[in-house]
Amino acid sequence: MSSEQMDLKESIASNPKETTTANYSALADAVSHQHPYRQSRRRVLSVLGLIAALMLFRHPAVLSGAAGCLLLWLLWFGQPLRSIVSRMLLIIPFALGTIVLVPFQHPDGGTALLHVGGWTATEEGARHALVLLLKIICANLLLTYLILSTPVYQLIASLRAIGMPAVLLEMTVLMLRYTGLLREEARGMLHAQRARGLQIRDWRFKRRTWHRLGELLGVLFVRAYSRSGRIYQSIAARGGFGGSMGNGSHLRSRCRSGTIDADPSNPSNPSNPINSTNPLHLLKEGEAMTSAIEVREVTFHYGNRQALNGLSFSIGQGAKVALMGPNGAGKSTLIALLNGLEQPSAGEVAIFGKRISSGNAHLLRTRVGVVYQDPDDQIFSPTVGEDVAFGPRNLGLDELTIQQRVTEALHAVGLDGFDSRSPFELSYGQKRRVAIAGVLAMKPDVIVLDEPMAFLDPKSRDQLQQLLEKMHEEGLTVMVATHDVDFAAEWATDVLMMKEGQLLASGTPELLFDAELLSGADLHLPRLVRPFRLLKDQGHVQPRTVQDAAQAIWQLVMRGGEALKLRSANRMDGETRQREG
Ligand SMILES: Nc1ncnc2c1ncn2[C@@H]1O[C@H](COP(=O)(O)OP(=O)(O)OP(=O)(O)O)[C@@H](O)[C@H]1O
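Residues numbered from 1 in each chain as written. Predicted model: local features only at pLDDT ≥ 70, side-chain atom pairs only at ≥ 80, totals over all residues.

Naming follows an unreviewed UniProt entry, where the chain appears as Cobalt ECF transporter T component CbiQ of Paenibacillus terricola. Quoted verbatim from the Function (unreviewed entry) field of the UniProt record, the comment on the chain reads "Probably part of an ABC transporter complex. Responsible for energy coupling to the transport system." Reading the Sequence similarities (unreviewed entry) entry of the UniProt record for the chain gives the comment "Belongs to the ABC transporter superfamily." (UniProt positions renumbered as here; feature names shortened; annotations may be inferred.)

Shown next as structure tokens:
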């Protein structure tokens, strides 16, 4: 990139609010004509051409020669043998499938080699399998060259530029993520086992070893499967797999101008929840659905297990809601329902007055963004920029607007310039910010975060709290599922308290000073309140912030000083009267 282009990109990154479309056009133009992009596009085309050419050969000797030459070529280009081998391991399932199945499937007949049950493997079939296997190896070596020699973001841009269909591109990215996932899970399991005393030298070729290896592989696939299920959910939550959603403007205009008057400055609108002092209230019988989120008599089952039981509440626009409750209370389940990822077994959920059904869930989802507990469940693209762009792209926006949204969202979470970094090489707190940016880029009206403070250091927690405040100031309704009473007391305007799938209480943060209620929800009093409860006669002091607590302490000290002064004045009066008497 030339220095002018760098300046342009930096100016956009540092000041996204003032970035004009003209700036973006200039940047897009600059990017598409950059030397590395042109080079990687040529490389992609050459590799695809070579793969197509190799597919025409049918002689094992030629293909073996080609595979040998490609391997030498990769080594000569300085690619480490270890990386090449680890990429080649990915084709093991395909290779096994080819070796085991193809010899039995050759339709032209030929000399019989082997009979298994009613099936016969032929010499022709075996030759065919060998040719196929060599082609797979050659293609994989060429792709390995492409992946090892081209940064992923350039690769994706090049594939898109040469007209690869979006579905294929998404599938490729998902395949990459899945293989990465298997590697991560395998590494995690190995570390956990070694931490509990496993020694690699135990892994000798004994029957027990193979038995254990089989068990571990089973667990590995189940773990990867369950995580890929969560990734699938989070992709669906950002509009993936549902095709293009158009620009969503139809839905937005209907919701905005229809059932609710969203103008907070309009005092003549008594039904506007943003005008009420407490935007969250329990639904009354027959009450019309007009709030940001309304949940009425919702029940949800996982198979036979009931996770939610007759839940009803509503949340007005502009609320900062703390969704509280012990482990297993049903918070995550409720979040999945708010986002339309699950449908209630009974009852209904409405977003801005529109009831969620399986037919409209993918549209309403664009108005409620969900940030999941574990960022690794949410992030799946090979680069930060691509991951943040995923949601806006599903909204059917044009490329310039997408880039603009990515830059703005990354700026909002303090990750300017991280576009081309791999999200899997970031710290946990940074990954969480990428996950938030991915949702912010969709410009939702409501954002729901599941345990966002978990595993963050104190500085990252403060930064995240500031970010939540900023999102709220910019007009978002923010809901945070948390066990953290201190954070909820300081931050929330409204509290929803759940236990065993039911709503225990809802209202203002005053609820968090009710020791009996908190103990019923397996929660404790906020730390700042506890010392005042220990001081006789000071149980009524309920500071929500450190500043409130400092002020209360100061008042106590001052009152103590006054009392002291009064006592000494009384004593002096007494002494004077004695003397005079
Ligand atoms: N996929 C599932 N299959 C079966 N039961 C589930 C599933 N997910 C959750 N549950 C059950 O549903 C109930 C509510 O779980 P949920 O994850 O919603 O609680 P939570 O309040 O989010 O808990 P935590 O604070 O631990 O995240 C629990 O009893 C849980 O065991």
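Once you've had a look at it, read on.
Caption draft 1: Examining the UniProt feature "transmembrane region" (unreviewed entry) in the chain more closely. Under the present numbering, the feature "transmembrane region" (unreviewed entry) in UniProt falls on residues 47–76, 88–106, 126–148 and 155–176. Here residues 126–148 is 100% helix and 0% strand, with 32 Å between the C-alpha atoms at its ends. End C-alpha to end C-alpha, residues 155–176 measures 13 Å, and it is 82% helix and 0% strand. (Helix = DSSP H or I, 4+ residues; strand = E, 2+ residues; numbered from the N terminus.)

Caption draft 2: Structural view of the pairing of strand β5 (residues 305–315). In terms of strand pairing, strand β4 (residues 293–302) meets β5 through seven bridges, oriented antiparallel. The residue bridging Ile 293 from the neighbouring strand is Ile 315, located in β5. The hairpin formed by β4 and β5 contains two residues between the paired strands, and Gly 303 there has a positive phi angle of roughly 60°. (Pairing = 2+ DSSP bridges.)

Caption draft 3: Just the site of the ligand, in detail. Near the ligand you find Tyr 302, Arg 305, Ala 307, Gly 325, Asn 327, Gly 328, Ala 329, Gly 330, Lys 331, Ser 332 and Thr 333, and these make up its full shell. Broken down by element, the shell around the ligand gets its largest block of residues, three residues, from helix α12 (residues 331–338). Among the residues making up the shell around the ligand, the classes are represented as three nonpolar, six polar and two charged. (Near = placed C-beta within 6 Å. Nonpolar A, V, L, I, M, F, W, Y, C, P; charged D, E, K, R; others polar.)

Caption draft 4: Focus on unusual backbone geometry. Positive phi, normally seen in glycine, also occurs at Glu 451, with a value near 45°. You can call Glu 451 partly exposed: it has 17 C-beta atoms within 10 Å. (Buried ≥ 20, exposed ≤ 12 C-beta atoms within 10 Å, placed from the backbone.)

Caption draft 5: Region of interest: the environment of Gly 501. Structurally, Gly 501 can be placed in the loop between β12 (494–499) and β13 (502–507). Expressed as a C-alpha distance, the spacing of Gly 501 and Thr 333, which sit 168 residues apart in the sequence, is 9.0 Å. Those residues in contact with Gly 501, other than ones at most four positions away along the chain, are Gln 306, Ala 307, Leu 308, Asn 309 and Gly 330. (Contact = placed C-beta atoms within 7 Å.)

Caption draft 6: The arrangement of helix α4 (residues 60–76) in detail. Here α4 contains 17 residues, and its C-alpha end-to-end distance of 24 Å stays within 8% of the 24 Å for a straight helix at 1.5 Å per residue. Among the residues of α4, those classed as buried are Leu 63, Ala 66, Ala 67, Leu 70 and Leu 74. All buried residues of α4 project into a common sector of 100° when viewed along the axis, lining one side. In α4, the exposed positions that point more than 90 degrees away from the buried face belong to Ala 61, Gly 68, Cys 69, Leu 72, Leu 75 and Trp 76. Positive phi appears at Gly 78, one or two residues downstream of α4, with a value of about 90°. (Expected span 1.5 Å × (residues − 1). Arc of directions from axis to C-beta.)

Caption draft 7: Quick look at helix α14 (residues 384–394). Summarising burial for α14: eleven of the eleven residues are buried, a large majority. Along α14, the positions that sit buried rather than exposed are Val 384, Gly 385, Glu 386, Asp 387, Val 388, Ala 389, Phe 390, Gly 391, Pro 392, Arg 393 and Asn 394. Structurally, α14 contributes buried residues whose contacts are with α8 (152–161), α15 (399–412) and α16 (428–440). After α14 finishes, the residue Gly 396 shows a positive phi value of roughly 80°.

Caption draft 8: Main features of the environment of Asn 309. Note that Asn 309 resides in strand β5. Taking the C-alpha atoms as reference points, Asn 309 and Ala 346, separated by 37 residues in sequence, lie 9.2 Å from one another.

Caption draft 9: Structural detail: the packing of α14 against α15. Contact geometry for α14 and α15: axes closest at 9 Å, N-to-C directions at 125°. What the angle tells us is that α14 and α15 run oblique. In this structure, the crossing between α14 and α15 has a hand that is right-handed. Residues Gly 385, Val 388, Ala 389, Pro 392 and Arg 393 of α14 pack against Ile 402, Arg 405, Val 406, Ala 409 and Leu 410 of α15. Here the contact of α14 with α15 is built from residues that sort into seven nonpolar, one polar and two charged. (Axes fitted to C-alpha atoms, helices over the stretch in contact; angles between N-to-C directions. Parallel < 35°, antiparallel > 145°, perpendicular 65-115°, else oblique. Left-handed = near helix turned anticlockwise from the far one by under 90°.)

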